[in-house]
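Geometric and topological summary
Residues per chain are reported as follows:
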Amino acid sequence: MQKLMKTLLAGACATGLLLGSVAAHADEIRERTLRFAFQNVKEHPQGQGAQKFADLLSEKSGGKIKVRLFPGGTLGGDVQTVSALQGGTLDITVLNSGILAAQAADFAMLDFPFLFNNAEEAHAVIDGPVGQKLAAQLDSKGLVGLGYWDLGFRNLTNSKHPVAKLEDMQGLKIRVIQSPIYLETFTALGANPVPMAFPEVYTGLEQHTIDGQENPFTVIEGNKFYEVQKYLSVTGHIFNPQSLIISQKTWNRLNDDEKALVRAAATEAQAFQREVTAASMDKAKATLAGAMTVNEITPAEKDRFRERVQPVIDKFAKSLDGDLVKMMYAEIAKVRAGQ
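Definitions and limits used
Residues numbered from 1 in each chain as written. Predicted model: local features only at pLDDT ≥ 70, side-chain atom pairs only at ≥ 80, totals over all residues. Heavy atoms only, no water. Pairing = 2+ DSSP bridges. Helix = DSSP H or I, 4+ residues; strand = E, 2+ residues; numbered from the N terminus. Axes fitted to C-alpha atoms, helices over the stretch in contact; angles between N-to-C directions. Salt bridge = Lys/Arg side-chain N within 4 Å of Asp/Glu carboxyl O. Buried < 20%, exposed > 50% of the residue type's maximum accessible area, 1.4 Å probe, protein only. Expected span 1.5 Å × (residues − 1). Arc of directions from axis to C-beta. Contact = heavy atoms within 4.5 Å. Parallel < 35°, antiparallel > 145°, perpendicular 65-115°, else oblique. Left-handed = near helix turned anticlockwise from the far one by under 90°. Nonpolar A, V, L, I, M, F, W, Y, C, P; charged D, E, K, R; others polar.

**A short note on the sheet that holds strand β9 (residues 231–234)**
What holds strands together in a sheet is hydrogen bonding between their backbones, with the strands either parallel or antiparallel. One open sheet holds the 6 strands; their spatial order is β7-β6-β8-β5-β9-β11, and the pairing between them is mixed. Only two strands of the sheet have a single partner each, and these edge strands are β7 (192–195) and β11 (293–296). Put simply, the sheet's adjacent strands are angled 25° from each other on average, direction ignored. Of the strand pairs in this sheet, strand β6 (residues 173–176) and strand β8 (residues 212–215) are connected by 2 bridges, and their pairing is parallel. Bridge assignment links Ile-174 to a residue of β8, and that residue is Gly-212.

Below, the structure is given as structure tokens:
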């Protein structure tokens, strides 16, 4: 009997310690609300990914960590939101990774025109050592990388005429991302690039301040650019991986348990968001075909585009980490060899 009592007491003590440990662990998750701003509408795959992240983090934290979404560029363009993250007045954003070249120059390599043939090649780069090394460069810039989402291949719209050949680009005023490589790429193609924050694009198109813009099908559809643009040319000139980033000031206020939950939610949201993007592209293109004049560019003509922008790639490659650029091309080559 004494032996049985000792066993029961030992079990009770162990159980008590375990319950106490769980309770103490739960107490480590504190009530907080994180502000998450992004450029696209909430219904866009970007917005759906943000909502999934918010739902996952709330679920994993027992409702203690909430995420408030600010879609549609309501808190400013990407440049402003990155600055707000660095200042600690905003917590999270997701944006085209190439825009982060203003913070860490090597991110520009992800915006090399005609770099990727498909999403699989892009994922091999951003999910491997290259993506990890790029994200690590943000640590000294007041930012922390949480993962990479997909925006998709960018295509050209304008109000003047179809772009079927290189000569059709001449003189078109095209809104581009506020990034040097975009400016030089479209200059090389003969257009007049106009850097402009995303929230200003629709008005710019409507008022004919600009002739056109370039974005993936889902962005063109979700933001109703078809209302103020007549022609859609499937150029597929740049594939946009997006970086999900959190303010380092916010990150430093989180304890280890909270950081683990944020990381876990980001990983699951990444997989979801990529699936949504892939599923949405064909549907968006079909919708746009009913509202705009759509044309494809022949492989031979696309080769002319590639040749024209090669000097831009060469120029930027020289200013970046040469070993990292080689690593990126090596990852792409591995995928192509296996296809």
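Resuming the write-up.
**A short note on the pattern of salt bridges**
With the rule as written, the count across this model stands at 15 salt bridges. Note that Glu-268 and Lys-60 form a salt bridge whose closest N and O atoms lie 2.6 Å from each other. Pair noted here: Glu-268 is in helix α10 (residues 256–289) and Lys-60 is in helix α2 (residues 45–60), with a separation of 208 residues, a long-range link. Using a relative accessible area of 37% as the deciding quantity, one classes Glu-268 as partly exposed. Of the charged contacts in the structure, one is a salt bridge between Lys-285 and Glu-296, with a shortest N-O distance of 2.7 Å. Of this pair, Lys-285 sits in helix α10 while Glu-296 sits in strand β11, placing them 11 residues apart in sequence. The exposure class assigned to Lys-285 is partly exposed, which follows from its relative accessible area of 25%. When salt bridges that share partners are traced, they join Arg-30, Arg-32 and Glu-258 into one network.

**Description of helix α12 (residues 322–338)**
If you check α12, its first and last C-alpha atoms are 25 Å apart, about what 17 residues at 1.5 Å a residue would give, namely 24 Å. All buried positions along α12 are accounted for by Leu-324, Val-325, Met-328, Glu-331, Ile-332 and Val-335. The arc enclosing the buried residues of α12, seen along the axis, measures out at 120°, which places them on a common side. More than 90 degrees from the buried face of α12, the exposed residues found are Asp-323, Lys-326, Lys-334, Ala-337 and Gly-338. Against the buried residues of α12 lie α4 (119–126) and α5 (129–136).

**What about unusual backbone geometry?**
Phi at His-208 is positive, roughly 60°, even though this residue is not glycine. The residue His-208 is located in the loop between α7 (201–206) and β8 in this model. One non-glycine residue, Lys-224, lies in the positive phi region at around 60°.

**Brief notes about α2**
In a regular helix each residue adds 1.5 Å, so 16 residues correspond to 22 Å; α2 covers 22 Å between its end C-alpha atoms and thus fits that length. Those residues of α2 that fall on the buried side of the exposure criterion are Pro-45, Gln-46, Gly-47, Gly-49, Ala-50, Phe-53, Ala-54, Leu-56 and Leu-57. Positive phi shows up at Gly-62, right after α2, with a value of about 65°.

**As for the packing of helix α6 (residues 180–188) against helix α11 (residues 299–318)**
In contact at an axis separation of 8 Å, α6 and α11 are set at 150° when each is read in the N-to-C sense. When the axes of α6 and α11 are compared, the pair comes out roughly antiparallel. Like other packed secondary-structure pairs, α6 and α11 cross with a definite hand, here right-handed. When α6 is examined against α11, the residues Pro-180, Ile-181, Glu-184, Thr-185 and Ala-188 are found in contact with a partner set consisting of Arg-308, Val-309, Val-312, Lys-315 and Phe-316. Broken down by class, the residue content of the contact of α6 with α11 amounts to 6 nonpolar, 1 polar and 3 charged.

By themselves these figures say nothing about function.
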